[in-house]
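Read off the chains here:
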Amino acid sequence: MKKELLYVDGYNMIGAWPELVKLKHQDQMADARDLLLHELSNYAKYEGIEIRIVFDAQLVPGITQRYDKFDVVVIFTKEGETADSFIEKAVGDENLLITQVQVATSDLAEQWIIFQKGATRKSANELYKDIKQAKKNIAIDSAVYRMQTKTRNSPLKEEDRKKLEALYFDMVKKTHNK
């Protein structure tokens, strides 16, 4: 089975997802980035994929960084390097026989280049819908888990429970022996 790797154009998602657009318009770009990282982290864990989020240095000049946060890899490109060019190079390097690379971007020109390099693409809207569905699935899975692990609280005392259990088995034996 191939390792799944998803590259995400961070600012592309921030410009497309409703909650993130709202934060962007309130000049809370750092909060928008953190919320994006949080959402993608949960999605990555649930789906069992590796995610790398790439941000252009143009909005955070002077930073060239790569770090892990929320168990996803966060990359700020070099100054003058776009997220698109970084992702294109990375896709060329990493789309191998053992790795399936997918790129989340709504940039049509970028999507064509990604296709040419053998990777698949997902639009910002498609990724947003996938994350919303994963959140619903997580809620369902956790509810099922809670139901399975819940112990029933009985109002019976242990002595009474044992008497009822003995009576039940006695009745089953009598019915079975007839």
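The structure this text deals with has already been given above.
In this report, we go over the structure that sits alongside the text. (Residues numbered from 1 in each chain as written. Predicted model: local features only at pLDDT ≥ 70, side-chain atom pairs only at ≥ 80, totals over all residues. Heavy atoms only, no water.)

## Considering the packing of helix H4 (residues 83-94) against helix H5 (residues 108-116)
Here is step 1: Taken N-terminus to C-terminus, the directions of H4 and H5 make an angle of 10°; their axes are 10 Å apart at the nearest point. Between H4 and H5, the angle is such that the two are roughly parallel. When H4 is examined against H5, the residues Asp84, Ile87, Glu88 and Val91 are found in contact with a partner set consisting of Glu110, Ile113 and Ile114.
Here is step 2: When grouped by side-chain class, the residues that make up the contact of H4 with H5 number four nonpolar, no polar and three charged. (Axes fitted to C-alpha atoms, helices over the stretch in contact; angles between N-to-C directions. Helix = DSSP H or I, 4+ residues; strand = E, 2+ residues; numbered from the N terminus. Parallel < 35°, antiparallel > 145°, perpendicular 65-115°, else oblique. Contact = heavy atoms within 4.5 Å. Nonpolar A, V, L, I, M, F, W, Y, C, P; charged D, E, K, R; others polar.)

## Describing unusual backbone geometry
Here is step 1: Look at Asp27: it is not a glycine, yet its phi comes out positive at around 60°.
Here is step 2: Relative to the helices and strands, Asp27 is located in the loop between helix H2 (18-25) and helix H3 (29-47).
Here is step 3: Here Asp27 falls in the exposed class, since its relative accessible area comes to 73%. (Buried < 20%, exposed > 50% of the residue type's maximum accessible area, 1.4 Å probe, protein only.)

## Quick look at the packing of H2 against H3
Here is step 1: Here H2 crosses H3 at 160°, and the two axes come no closer than 7 Å. Here H2 is positioned roughly antiparallel relative to H3, judged by the angle of their axes. The handedness of the crossing between H2 and H3 is right-handed. Contact residues: Glu19, Leu20, Leu23 and Lys24 in H2; Met29, Asp31, Ala32, Leu35 and Leu36 in H3. (Left-handed = near helix turned anticlockwise from the far one by under 90°.)

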